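In case you want the letters, here they are:
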Amino acid sequence: MLAVNGYFDGFSIKPLENIELKPNQKVIITVMDEFVEPVKKRSAKSLMGILSKYADPKLREQEEGAWERAVVEKYGNVRHKHDTAFSSER
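Residues numbered from 1 in each chain as written. Predicted model: local features only at pLDDT ≥ 70, side-chain atom pairs only at ≥ 80, totals over all residues. Heavy atoms only, no water.

1. Some details on the overall build of the protein
Test applied: Only DSSP runs of H or I reaching four residues or more are called helices, and only runs of E reaching two or more are called strands; each is numbered from the N terminus. Using a 1.4 Å probe on the protein chains alone, a residue whose accessible area is under 20% of its type maximum counts as buried, one over 50% counts as exposed, and one in between counts as partly exposed. Using a 1.4 Å probe, accessible areas were evaluated by the Shrake-Rupley method; residue-level cover was limited to the displayed protein chains.
Per the secondary structure count, the protein includes 2 helices and 2 strands. Reading the helices (α) and strands (β) of the protein from amino to carboxyl end gives β-β-α-α. A burial count over the protein gives 1% of its 90 residues as buried. Just so you have it, the protein exposes about 10100 Å², and 55% of that area is on carbon and sulfur atoms.

Printed below as a string of C-alpha coordinates:
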(Lines give C-alpha, C1' and ligand atoms only; values in the text may rest on other atoms or scores of the structure.)
Protein backbone atom coordinates (compact mmCIF):
# COMPACT_ATOMS: atom_id res chain seq x y z
CA MET A 1 0.00 0.00 0.00
CA LEU A 2 1.22 3.48 -0.88
CA ALA A 3 0.15 6.86 0.54
CA VAL A 4 0.38 9.82 -1.85
CA ASN A 5 -0.45 13.48 -1.28
CA GLY A 6 -2.51 15.32 -3.85
CA TYR A 7 -5.28 17.85 -4.37
CA PHE A 8 -8.54 18.35 -6.24
CA ASP A 9 -8.26 21.05 -8.94
CA GLY A 10 -12.00 21.43 -9.40
CA PHE A 11 -12.12 18.79 -12.14
CA SER A 12 -9.96 15.86 -11.09
CA ILE A 13 -7.64 14.65 -8.34
CA LYS A 14 -3.99 15.48 -9.00
CA PRO A 15 -1.20 13.65 -7.15
CA LEU A 16 1.72 15.79 -5.94
CA GLU A 17 4.13 12.93 -6.58
CA ASN A 18 4.80 10.74 -9.60
CA ILE A 19 3.07 7.42 -9.15
CA GLU A 20 2.60 4.43 -11.40
CA LEU A 21 -0.81 2.84 -11.28
CA LYS A 22 -2.13 -0.07 -13.27
CA PRO A 23 -5.49 0.08 -15.05
CA ASN A 24 -8.37 -0.78 -12.72
CA GLN A 25 -6.11 -0.63 -9.64
CA LYS A 26 -8.17 0.32 -6.58
CA VAL A 27 -7.34 3.47 -4.66
CA ILE A 28 -8.54 4.96 -1.38
CA ILE A 29 -9.22 8.69 -1.45
CA THR A 30 -9.41 10.61 1.81
CA VAL A 31 -10.80 14.14 1.56
CA MET A 32 -9.28 16.52 4.10
CA ASP A 33 -10.39 19.93 5.37
CA GLU A 34 -6.99 21.41 4.44
CA PHE A 35 -6.15 23.27 1.24
CA VAL A 36 -3.02 23.66 -0.91
CA GLU A 37 -1.97 26.79 -2.76
CA PRO A 38 -3.45 26.79 -6.27
CA VAL A 39 -1.06 25.59 -8.95
CA LYS A 40 -0.63 28.37 -11.51
CA LYS A 41 -0.45 27.19 -15.11
CA ARG A 42 2.02 28.99 -17.34
CA SER A 43 0.47 30.04 -20.56
CA ALA A 44 2.29 29.73 -23.86
CA LYS A 45 2.07 33.51 -24.16
CA SER A 46 4.47 33.90 -21.25
CA LEU A 47 7.18 32.18 -23.31
CA MET A 48 6.81 34.39 -26.36
CA GLY A 49 10.01 36.22 -27.09
CA ILE A 50 11.98 34.32 -24.48
CA LEU A 51 14.83 33.73 -26.94
CA SER A 52 14.79 37.24 -28.41
CA LYS A 53 17.89 38.21 -26.43
CA TYR A 54 19.82 35.70 -28.58
CA ALA A 55 18.51 37.04 -31.89
CA ASP A 56 20.98 38.69 -34.23
CA PRO A 57 19.16 41.33 -36.32
CA LYS A 58 22.02 41.26 -38.87
CA LEU A 59 21.20 37.61 -39.67
CA ARG A 60 17.45 38.13 -40.09
CA GLU A 61 17.80 38.72 -43.84
CA GLN A 62 19.83 35.51 -44.26
CA GLU A 63 17.38 33.53 -42.12
CA GLU A 64 14.42 34.55 -44.29
CA GLY A 65 13.88 31.68 -46.74
CA ALA A 66 16.83 29.66 -45.35
CA TRP A 67 14.83 26.44 -45.15
CA GLU A 68 13.63 26.72 -48.75
CA ARG A 69 17.18 27.42 -49.99
CA ALA A 70 18.54 24.43 -48.05
CA VAL A 71 15.95 22.11 -49.63
CA VAL A 72 16.78 23.36 -53.14
CA GLU A 73 20.50 23.02 -52.39
CA LYS A 74 20.10 19.44 -51.16
CA TYR A 75 17.45 18.14 -53.56
CA GLY A 76 17.51 20.59 -56.45
CA ASN A 77 14.61 22.61 -57.75
CA VAL A 78 12.56 19.56 -58.78
CA ARG A 79 8.86 20.10 -59.36
CA HIS A 80 6.44 17.28 -60.01
CA LYS A 81 3.35 17.44 -62.20
CA HIS A 82 1.18 16.37 -59.28
CA ASP A 83 2.63 19.00 -56.94
CA THR A 84 0.02 21.76 -57.05
CA ALA A 85 1.67 23.75 -54.25
CA PHE A 86 4.39 24.90 -56.67
CA SER A 87 2.28 24.98 -59.81
CA SER A 88 1.81 28.31 -61.56
CA GLU A 89 -1.61 27.09 -62.70
CA ARG A 90 -3.99 28.01 -59.91
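2. Topic: the layout of surface pockets
This is how the line gets drawn: Site definitions follow a grid-based scheme: protein atoms alone, a 1 Å grid, a 1.4 Å probe that fits but cannot get out for cavities, and for pockets an open set with protein on both sides within 12 Å along at least five of seven lines, plus lining residues having an atom within 4 Å of a point. Grid points are joined across faces, edges and corners, and a volume is the space filled by probe spheres set on the points.
Within this model, the largest pocket holds a volume of roughly 1200 Å³. As for the largest pocket, its lining consists of 25 residues, and the residues nearest its centre are V4, G6, I13, I29 and T30. Elements represented by at least two residues in the lining of the largest pocket include exactly β1 (6-8) and β2 (13-15).

3. What about the confidence of the model for the protein?
To keep things clear, this is the line we draw: Per-residue confidence from the predictor is reported as pLDDT, a score between 0 and 100.
Overall, the prediction assigns the protein a mean pLDDT of 80, with 79% of residues at 70 or greater. Element-level pLDDT for the protein is lowest in helix α1 (residues 60-63), with a mean of 81, against a maximum mean of 89 in β2.

4. Concerning a nonpolar patch on the surface
Here is the rule we go by: Patch membership is restricted to residues that have no salt bridge and whose relative accessible area is over 30%. Joining uses 9 Å for like charges and 5 Å for the nonpolar side chains Val, Leu, Ile, Met, Phe, Trp and Tyr. The term salt bridge refers to a pairing of a side-chain nitrogen on Lys or Arg with a carboxyl oxygen on Asp or Glu at a separation within 4 Å.
There is a patch of nonpolar side chains on the surface, built from L2, V4, F8, I13, I19, L21, V27, I29 and V31 and spanning about 890 Å² of accessible area. As for its placement among the helices and strands, V27 is situated in the loop between β2 and α1.

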